[in-house]
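Structural overview
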Amino acid sequence: AGALIGRVMSQRRGSNRPRPMRRVPESSPLPPAAAAPSTSWTPSTGRLARCTQADPFAIRLGDRPLRDYLIEIGERWVVDLEAALRAMDDVWVTLLPATDRGRPPYHPRILVGLVMYGMIRGQSSLRTLEALAARDLGAWFLCAGLRPDHSTLGHFVDAHAEQLSDDFFVSVTRKLAHALRLKVGDVAIDGTITESAASALRALRLEAAFQRRVAADAHAAEAPDDADRQRAVAAAYRVEAEVVARVEARKAQRLDPTSVAVAPSDPEAVFQPRKDGAFRPAWVPSILAHESGLILGQSVDATSESAAILPLLGQHGRILGAAPTCVLMDAKYHCLSVIEPLVAGGVEALCPALSARNAAVPLEARKTFDKHLFVFQPEADRYMCPRGQPLLLLTHQTDEAGRRYSRYRSASCDGCSDRSRCTKSAAGRMVKRYEGDALKEAIVATLRTPEGKARYRRRAALVEPPFGVLRERQELRRFRRRGRRLVAAEFALHITAYNLRKGLRLWRTPGVRRPFHVTSLHGCWGRPINGGDIGPIAA
């Protein structure tokens, strides 16, 4: 018994001993040094040559290059990302200051590369990015050992917000699309609600905004030369003007204006419901996802997802040179203001009239009978209600927006058991038919065919995964910048980071890349490197 206890105790003591670090065996599938990306690094020339830049391949961990260590630990995408960013000098030169006077700036590749690397890692705070440049190996490599601080990053994004939100995104995505041989195909469009950086607890209603502006005026009058007080007055006027505009808009829509509130730190953001039902100041970012998985369009609006349709299609056209063949959208886009421009431009639109959950509700369980339950019969020029009673043509009219419509009314509502769920009018149920309703009905008929169902089934697989990656991996649950201008730039950087990560993964797939030594106006990726390995670089 004593010997048995001794063996058990010795085994327990041995289990707590530190184990030697596991080494990669010689038969590891990791790429050999001969097939690794090239170690040659050429600095930018022209106006970019004045920028502060350094050689990332000169960084070593002990006796080995940092590049080789990143590849060994499975972070080869960081090496590919650096090569891809280095291939875009035609993009970076547009992000330089207008004058060459003063202190040499950081190379735009370093600043944007650090921001996008942090976003891919789920860390987009400016101070966190500054810390990454000091301690993270991937950030070391992308920054080539340089350490831009948070104020430098913030000033750079603020100075180039308009370019980052549109031209920069389009230029980078165009290079990706050219390198991956993307062709025009089906796309999916969707949007979501993302919370603003403003505090909901400090929101002001109309009376509070007025009092705040009066107090700011009085405070500024005491010291007219104080710049801080003058800025506070200007901010108070902006908040009051925003509240007044929204109150007037609510009154025009015959809605209750007393619920209107504005967050002073981000007055352009609008209170909207989150997924959990809580109302917070928020923005509505939208994306256009290509069937390859890349995002070829992105936009941010204060409230409307439909308002982003034309900007998204415009970016798609600038990237691929043509409109998509078909646009897949969910039920909230089923309106003439969205469908008519698409059809007029020769783009097929597949968009159901009802969400899948709403369409599955049986007739007996519905609280109200909506218009979609009434079937139009063009040969007889009438509607048929869900209980088989006709609605005949009554009049032709024009609404406040100038749209023409026809009114159809039923004379058989008396005695119907579903009258209370259908209408409260003593004259019977009335249905309006607008001039574009035939187009909407044709789209619904297409979605009922087997081909239409199979084609529309791809929508969720195209557009939902990017939102999941942005939210769960890139931690885009709440914007960190305030104001439409900076919010749009932040979202565009998130989408560009997503595209680069996705594009590099697709580019590593055999048979996807373009052949090397391609010369084109926009450039592409493909210079042969050691051992025939192809690295992403511009021609």
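What counts and how
Residues numbered from 1 in each chain as written. Predicted model: local features only at pLDDT ≥ 70, side-chain atom pairs only at ≥ 80, totals over all residues. Heavy atoms only, no water. pLDDT = per-residue confidence, 0-100. Helix = DSSP H or I, 4+ residues; strand = E, 2+ residues; numbered from the N terminus. Contact = heavy atoms within 4.5 Å. Expected span 1.5 Å × (residues − 1). Buried < 20%, exposed > 50% of the residue type's maximum accessible area, 1.4 Å probe, protein only. Arc of directions from axis to C-beta. 1 Å grid on protein atoms, 1.4 Å probe; cavity = no way out; pocket = protein on both sides within 12 Å on 5 of 7 lines; lining within 4 Å. Points joined across faces, edges and corners; volume = space filled by probe spheres on them. Nonpolar A, V, L, I, M, F, W, Y, C, P; charged D, E, K, R; others polar. Pairing = 2+ DSSP bridges. Axes fitted to C-alpha atoms, helices over the stretch in contact; angles between N-to-C directions.

Averaged over every residue, the pLDDT of the protein is 84; the share at 70 or more is 87%. By mean pLDDT, the top-scoring element of the protein is strand 7 (residues 295-301) (96), and the lowest-scoring one is strand 15 (residues 527-528) (33). Predicted confidence is poor over residues 7-37, with pLDDT under 50, and the contacts of this stretch with residues over four places away or in other chains come to 21 contacts. Low pLDDT, under 50, characterises residues 515-539; the stretch is placed with 70 contacts to residues that sit more than four places away or in other chains.

Let us look at helix 19 (residues 459-473). Taking 1.5 Å of rise per residue, the 15 residues of helix 19 would be expected to cover 21 Å, and the 21 Å separating its terminal C-alpha atoms lies within 8% of that figure. Taken residue by residue, helix 19 has Arg459, Leu462, Val463, Pro466, Phe467 and Leu470 as its buried positions. One side of helix 19 carries all its buried residues, which in axial view fall inside an arc of 115 degrees. In helix 19, the exposed residues that point more than 90 degrees away from the buried face are Ala461 and Arg473. Check the buried side of helix 19 and you find it contacts strand 3 (186-191), strand 6 (279-290), strand 7, strand 8 (326-328), helix 18 (450-456) and helix 20 (484-507). Backbone geometry just downstream of helix 19 places Glu475 in the positive-phi region, at approximately 60 degrees.

Moving on: empty space enclosed by the protein. Within this structure, the stated rule accounts for three cavities of 30 Å³ or more. Roughly 130 Å³ of internal volume is contained in the largest cavity. For the largest cavity, the lining is made up of 15 residues, of which Cys385, Arg387, Cys413, Cys416 and Cys422 are closest to its centre. Partitioned by chemical class, the residues of the lining of the largest cavity number eight nonpolar, three polar and four charged. In this structure, the second largest cavity occupies an estimated 50 Å³ of space. Lining the second largest cavity are Arg47, Arg50, Leu96, Pro97, Thr99, Asp100 and Pro105.

On to the sheet that holds strand 13 (residues 404-410), then. Reading across from one edge, 10-11-12-13-14 is the order of the five strands in this open sheet, with antiparallel pairing throughout. The sheet is open, and its two borders are formed by strand 10 (375-377) and strand 14 (430-434), each paired with just one other strand. The average angle at which neighbouring strand axes cross in this sheet is 35 degrees, direction not considered. Across three bridges, strand 10 lies against strand 11 (residues 382-384) in antiparallel orientation. Residue Val375 lies in a different strand from strand 11, and its bridge partner there is Met384. Against the sheet, helix 17 (residues 437-447) contacts strand 10, strand 11 and strand 14, and its axis sits at roughly 90 degrees relative to strand 14.

Before going further, it helps to examine the pairing of strand 6. Looking down a regular strand, the side chains alternate between one sheet face and the other. For strand 6, a buried count of ten out of twelve residues is recorded, marking the element as mostly surrounded by other parts of the structure. Pairing analysis gives five bridges linking strand 3 to strand 6, with the strands arranged antiparallel. Bridge pairing in strand 6 places Gly191 opposite Ser286. Alignment of strand 4 (residues 194-195) against strand 6, held across two bridges, turns out to be antiparallel. Each residue of the ladder has a partner; that of Thr194, found in strand 6, is Trp283. Here strand 5 (residues 270-273) runs beside strand 6; their pairing, made up of four bridges, is antiparallel. In the sheet register, Pro273 faces strand 6, and the bridge partner there is Phe279. In this structure, the hairpin formed by strand 5 and strand 6 is closed by a connection of five residues, where Gly277 is found at a positive phi of approximately 90 degrees. Where strand 6 meets strand 7, six bridges bridge the pair, whose relative direction is antiparallel. Bridge pairing links Val284 to Asp301 in strand 7. Hairpin connection from strand 6 to strand 7: four residues lie between these consecutive antiparallel strands, with Gly293 at a positive phi of about 110 degrees.

What follows is about unusual backbone geometry. The phi dihedral of Ala144 falls on the positive side, at around 55 degrees, and the residue is not glycine. Of note, Ala144 is situated in the loop between helix 7 (137-143) and helix 8 (150-159). Of note in the backbone geometry, Arg254 takes a positive phi value of approximately 60 degrees without being a glycine. With respect to the element layout, Arg254 can be found in the loop between helix 12 (227-252) and strand 5. Look at Arg254 and you get exposed, because its relative accessible area is 76%.

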